[in-house]
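Chain residues, written in single-letter form:
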Amino acid sequence: IFRIIFGKGMSYFLIYAAVSAYITLAIPHMFHFIQIGLPRDLIGLLIPYLLACIFFAMTISCLIRYRENVILIIVFSSVPLLMLSGILWPSSSLAGPWKAISWLFPSTFGINGFVKINSMGATLNDIITEYRALWIQVAVYFLIDCFVYYRQIQMSKKMHISRIEEIRRENRAEWDNTKALINN
């Protein structure tokens, strides 16, 4: 199970690391956007953020039956998640339960860390809370993925074994009928 999740996660990570580096480092440089933060701090934040997002998405993907539903979930959850992150609405004004819910999503810590690095010139030491929270999310979502994937594999094995036994019974019945016809 560990190898499956680690391999799948790293393949996603390689793809999104290239895209993220392009978006956060190359695009601002090409268009001469002002960036106060250092690239090493941005990359340092992107690593746990991407891993947390990947493992979170792998966990959520086990709950979604149809691929088309993902688009609906993204459309209807993006604005509330942006509000919960503290960028559009001050996080100090959020009620306690909403603040706790916001901590479940990697976007809350990723957005806040990115804004502090890119707009305020913070270093990784200055955003240690967001940085640690992202690494905690990486570990928690990885362990949840291990459990969920293990369960899915066990359920799939049971289903396939029962189907194989059913096919064997059908074949045995056909064979018995064929032998009876030959003997008559």
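Keep in mind that this is a model prediction, so the values were computed, not measured.

Enquirer: Could you give an account of the packing of aromatic side chains, with specific residues and numbers?
Expert: Summed over the entire model, instances satisfying the criterion amount to seven aromatic pairs. With centroids separated by 6.0 Å and ring planes inclined at 25°, the aromatic side chains of Phe 31 and Phe 33 adopt a geometry described as stacked. Exposure remark for Phe 31: the relative accessible area of 51% places this residue in the exposed category. Judged by relative accessible area, Phe 33 falls into the exposed class, the value being 52%. Look at Phe 56 and Phe 105: their rings are 5.6 Å apart centre to centre, the planes differ by 75°, and that puts the pair in the edge-to-face class. Remark: Phe 105 occurs in the loop between helix 4 (96-102) and helix 5 (106-120) and Phe 56 occurs in helix 2 (residues 39-61); sequence separation between them is 49 residues. For the pair Phe 56 and Phe 105, one class covers both residues: buried. Connected via pairs of aromatic rings, a cluster forms that spans Phe 2, Phe 6, Phe 55 and Phe 142.

Enquirer: For a nonpolar patch on the surface, give the residues involved together with the corresponding values.
Expert: Together, Tyr 12, Ile 15, Tyr 16, Val 19, Tyr 22, Ile 23, Met 30, Phe 31 and Phe 33 line one region of the surface with nonpolar side chains, adding up to about 930 Å² of accessible area. By secondary structure assignment, the location of Ile 23 is in helix 1 (residues 2-30).

Enquirer: How would you sum up the nonpolar core? Please name residues and give values.
Expert: Core analysis: the largest hydrophobic core is formed by 24 residues, its most contacted members being Ile 5, Phe 55 and Met 58. Breaking this core down by element, the ones donating at least two residues are helix 1, helix 2, helix 5 and helix 6 (128-183). Broken down by element, this core gets its largest block of residues, nine residues, from helix 2. Aside from chain neighbours lying at most four places away, what touches Ile 5 is Phe 55, Met 58, Phe 142, Asp 145, Cys 146 and Tyr 149.

Enquirer: With reference to specific residues and values, describe the layout of surface pockets.
Expert: Roughly 1200 Å³ of volume is contained in the largest pocket. Broken down by secondary-structure element, the contributors of at least two residues to the lining of the largest pocket are helix 1, helix 2, helix 3 (68-85), helix 5 and helix 6. For the lining of the largest pocket, the residue count by class is 25 nonpolar, five polar and three charged. When its volume is computed, the second largest pocket comes out at roughly 310 Å³. In terms of lining residues, the second largest pocket is bounded by 14 residues, among which Ser 20, Thr 24, Leu 46, Tyr 49 and Leu 50 are the most central. Listed by contribution, the elements that provide at least two residues to the lining of the second largest pocket are helix 1, helix 2 and helix 5. Broken down by element, the residue count for the lining of the second largest pocket peaks at six residues, all from helix 2. Tallied by class, residues from the lining of the second largest pocket come to eleven nonpolar, three polar and no charged.

Rules used throughout
Residues numbered from 1 in each chain as written. Predicted model: local features only at pLDDT ≥ 70, side-chain atom pairs only at ≥ 80, totals over all residues. Heavy atoms only, no water. Phe/Tyr/Trp six-rings, centres within 6.5 Å; stacked < 30°, edge-to-face > 60°. Buried < 20%, exposed > 50% of the residue type's maximum accessible area, 1.4 Å probe, protein only. Helix = DSSP H or I, 4+ residues; strand = E, 2+ residues; numbered from the N terminus. Patch = residues over 30% accessible without salt bridge, like charges linked within 9 Å, V, L, I, M, F, W, Y side chains within 5 Å. Areas by Shrake-Rupley, 256 points an atom, 1.4 Å probe, with all protein chains shown as cover. Salt bridge = Lys/Arg side-chain N within 4 Å of Asp/Glu carboxyl O. Core = buried A, V, L, I, M, F, W, Y, C linked by side-chain atoms within 4.5 Å. Contact = heavy atoms within 4.5 Å. 1 Å grid on protein atoms, 1.4 Å probe; cavity = no way out; pocket = protein on both sides within 12 Å on 5 of 7 lines; lining within 4 Å. Points joined across faces, edges and corners; volume = space filled by probe spheres on them. Nonpolar A, V, L, I, M, F, W, Y, C, P; charged D, E, K, R; others polar.

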